[in-house]
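Chain residues, written in single-letter form:
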Amino acid sequence: MDVHILFVRDDHLLLGLRANTGYADGQWHLPSGHLEAGESVVEAAVREAREEVGVDVDPADLAFVHVMHRAPERVGLFFRAGRWKGEPFNAEPDKCAALEWHPLDRLPADMVPYPAAAVHAIRRGEPFGTFGF
């Protein structure tokens with residue numbers, strides 16, 4: 001299972017350009033990651049926000065907005081951060097080539113397809129989606 005965090009400011013979405021990871025390098029992605037042993041999904045989202053974009057998110061400021069079942073057996077939970085402390089920055093330059101705010105209504109063409117589909121579904125108010133089936 002993985003978690004994804006949507007940071008939205010002035011109708012712009014924060015995305016990172018993946019690099020040196022072996023997965024989707026050169027494509028834009030939401031701050032995200034896998035759960036660690038013994039960790040709740042909320043704890044994972046808080047940790048990933050800190051590790052990837054250097055901000056602190058209070059668990060109470062995370063709103064669950066979408067779940068996506070990806071073929072063949074992945075499940076991703078998407079949370080929107082209502083508030084955060086600190087200014088986002090590229091806290092993992094070894095895994096991220098850039099961090100940028102993108103207009104919600106014009107996501108980059110080179111965004112990882114499944115989070116792009118999830119963002120579109122979230123904007124339509126859909127709490128559940130599938131991808132790759």
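Scroll up to find the structure.
What this report covers is the structure whose coordinates are included nearby. (Residues numbered from 1 in each chain as written. Predicted model: local features only at pLDDT ≥ 70, side-chain atom pairs only at ≥ 80, totals over all residues. Heavy atoms only, no water.)

1. As for the overall build of the protein chain
So, step 1. The number of helices and strands found in the protein chain is 2 helices and 8 strands.
So, step 2. Secondary structure elements of the protein chain, listed N to C terminal, follow the sequence β-β-β-β-α-β-β-β-α-β.
So, step 3. Over its C-alpha atoms the protein chain spans a radius of gyration of 14 Å, differing by no more than 12% from the 14 Å that the globule rule assigns to 133 residues.
So, step 4. For the protein chain, the spread of C-alpha atoms along the three principal axes comes to 35 × 30 × 30 Å.
So, step 5. Looking at the protein chain as a whole, 47% of its 133 residues are labelled buried.
So, step 6. Partitioning the contacts of the protein chain with sequence separation of at least 6, the portion at a separation of at least 24 is 68%.
So, step 7. Carbon and sulfur atoms make up 52% of the accessible area of the protein chain, which totals about 6900 Å².
So, step 8. When the 13 basic and 21 acidic side-chain charges of the protein chain are each reduced to a single mean position, those positions are 3 Å apart. (Helix = DSSP H or I, 4+ residues; strand = E, 2+ residues; numbered from the N terminus. Rg over C-alpha atoms; globule rule 2.2 N^0.38 Å. Buried < 20%, exposed > 50% of the residue type's maximum accessible area, 1.4 Å probe, protein only. Contact = heavy atoms within 4.5 Å. Areas by Shrake-Rupley, 256 points an atom, 1.4 Å probe, with all protein chains shown as cover. Lys, Arg positive; Asp, Glu negative; His and termini not counted. Charge placed at Lys NZ, Arg CZ, Asp CG, Glu CD.)

2. Quick word on the pairing of strand β1 (residues 2–9)
So, step 1. Most of β1 is tucked away, with 7 of its 8 residues classed as buried.
So, step 2. Relative to strand β6 (residues 74–81), β1 runs parallel, the two sharing 6 bridges. Along β6, the bridge assignment pairs I5 with F79.
So, step 3. Examined bridge by bridge, β1 and strand β2 (residues 12–18) share 2 bridges and lie antiparallel to one another. Along β2, the bridge assignment pairs V8 with L13.
So, step 4. Following β1, the chain reverses through 2 residues before pairing antiparallel with β2; D10 in that reversal takes a positive phi of roughly 50°. (Pairing = 2+ DSSP bridges.)

3. Points about the layout of surface pockets
So, step 1. Here the largest pocket is characterised by a volume of approximately 520 Å³.
So, step 2. What lines the largest pocket is a set of 25 residues, among which R18, H29, S32, G33 and E52 lie closest to the centre.
So, step 3. Elements represented by at least two residues in the lining of the largest pocket include exactly β1, β2, β4 (32–34), α1 (41–53) and β7 (96–103).
So, step 4. Of the residues contributing to the lining of the largest pocket, the split by class is 8 nonpolar, 8 polar and 9 charged. (1 Å grid on protein atoms, 1.4 Å probe; cavity = no way out; pocket = protein on both sides within 12 Å on 5 of 7 lines; lining within 4 Å. Points joined across faces, edges and corners; volume = space filled by probe spheres on them. Nonpolar A, V, L, I, M, F, W, Y, C, P; charged D, E, K, R; others polar.)

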